[in-house]
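Here is what each chain is made of, one letter per residue.
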Amino acid sequence: MADAPLLRRSALHAFHLAEASLTEDQGWQCADSYGAVDAEVQAVQEQVGLSDISPLAKLDIQGKDLFAALGQKLSLGLSPGLALETLPVGRVVRVPAQALDAQTDGLLCSLARNHARLISPPGTASTVQVQVESATRQTDASACIHSTDVTSNFTAVQIAGPHSRDLLRKLTALDLRPAQFPDLSCAQGSLAGIHTLVIRADIQAHLAYQVYCEREFGEYLWDALLDAGQEFGARPFGLAAQRQLHTQG
């Protein structure tokens, strides 16, 4: 009898195991719901919800002219007057699902002039890395672009809902005001005393952020967010609520 495939688990698995019904998704064991999907959706619509999105594929890319190379390969279209090769640090571009051969869009984050983080749906790390390597082979040899799959290196938590900004402002000095940090922005800085990458990526009409930290701090980050969110009625939500939010808006 063939061995069953190994399931990957996030750093928050112990919490999910105790509180949620679990499901398998793209090789990961994930929280499907915490008992009442409608209540989880309502929390995001009216208050704030927290979701473990650690299974998202994460590719760290560094090298000269990497944005120009990726723009050509992934056929990324930007607003008039903004070219991908001059994408400002702190900006995020949505990568169409078809460019990633995936079911949902990805995110390309400009961390520095020659440093990007490409976030794509769970289970796509290998195929996306092949596309990135294909793009880099078409550039000047002096570009020397390198990509590394860091999916398992980081815990990722989504904070969504009208009070999500209020929650985060209790834990970080990053300027999250809408004028300074609109949808599709990113910044690196301290949150709850640890180094994080914070991305604003709204879910349809719902204000939403993604926070990434090193895996070893995952449980600490989750607990800090839940504690800070108590006054706003924060509650965790799983994949079932995620699907409803992305479908219904």
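Look above for the structure.
Fair warning: this is a prediction, and the values are worked out from it, not measured in the lab. Going along each chain's sequence as written, the residues are numbered from 1 onward. Per-residue local features are limited, in this predicted model, to residues with pLDDT of at least 70; the limit for side-chain atom pairs, both in listing and counting, is 80 or more; totals at the level of whole chains, interfaces and linings are taken over all residues. With hydrogens and water excluded, all non-hydrogen atoms of the structure serve as input to the side-chain values.

Moving on: the overall build of the protein. Helix numbering and strand numbering both begin at the N terminus, where a helix is a DSSP run of H or I of at least 4 residues and a strand a DSSP run of E of at least 2. If you tally the helices and strands in the protein, you get eight helices and 13 strands. Buried residues in the protein amount to 52% of all 249 residues. For every accessible area listed, the method is Shrake-Rupley and the probe measures 1.4 Å; residues are considered covered only by the protein chains on display. Surface accessibility of the protein: about 11900 Å² in total, with carbon and sulfur atoms responsible for 47%. Only protein chains enter the accessibility calculation, which uses a 1.4 Å probe; a residue whose area is less than 20% of its type maximum is buried, one above 50% is exposed, and one in between is partly exposed.

Glancing now at the packing of aromatic side chains. For Phe, Tyr and Trp, where Trp contributes only its six-membered ring, two rings pair if their centres lie within 6.5 Å, and the inter-plane angle classes them as stacked under 30 degrees, edge-to-face over 60, or tilted in between. One pass over the full model with this rule turns up three aromatic pairs. On the basis of an interplanar angle of 45° and a centroid distance of 6.1 Å, the ring pair of Phe15 and Tyr34 is categorised as tilted. Of this pair, Phe15 sits in helix α1 (residues 13–19) while Tyr34 sits in the loop between β2 (28–33) and α2 (37–46), and the two are 19 residues apart along the sequence. With 6.4 Å between their ring centres and 15° between their planes, Phe181 and Tyr209 make a pair best called stacked. Of this pair, Phe181 sits in the loop between α6 (164–169) and β10 (185–191) while Tyr209 is found in strand β12 (residues 208–214), placing the two residues 28 residues apart along the sequence. For the pair Phe181 and Tyr209, one class covers both residues: buried. By the ring-pair criterion, three or more aromatic residues cluster together here, those being Phe15, Tyr34 and Trp222. Directly above the ring of Phe154 sits Arg117, whose terminal nitrogen or CZ lies 4.9 Å from the centroid. A ring is considered to have a charge above it if a Lys NZ or an Arg CZ atom is located within 6 Å of its centre and within 35 degrees of its normal.

Our next topic: the sheet that holds strand β9 (residues 154–160). Strand-to-strand pairing in sheets goes through backbone hydrogen bonds, with the strands running parallel or antiparallel. The six strands lie next to each other as β10-β11-β12-β9-β3-β13, forming an open sheet whose pairing is mixed. Because the sheet does not close on itself, it has two edges, and the strands there are β10 and β13 (235–236). DSSP calls a pair of strands paired once it identifies at least 2 bridges connecting them. Pairing between strand β11 (residues 194–200) and β12: four bridges, direction antiparallel. Looking at the pairing, Arg200 lines up with Tyr209 of β12.

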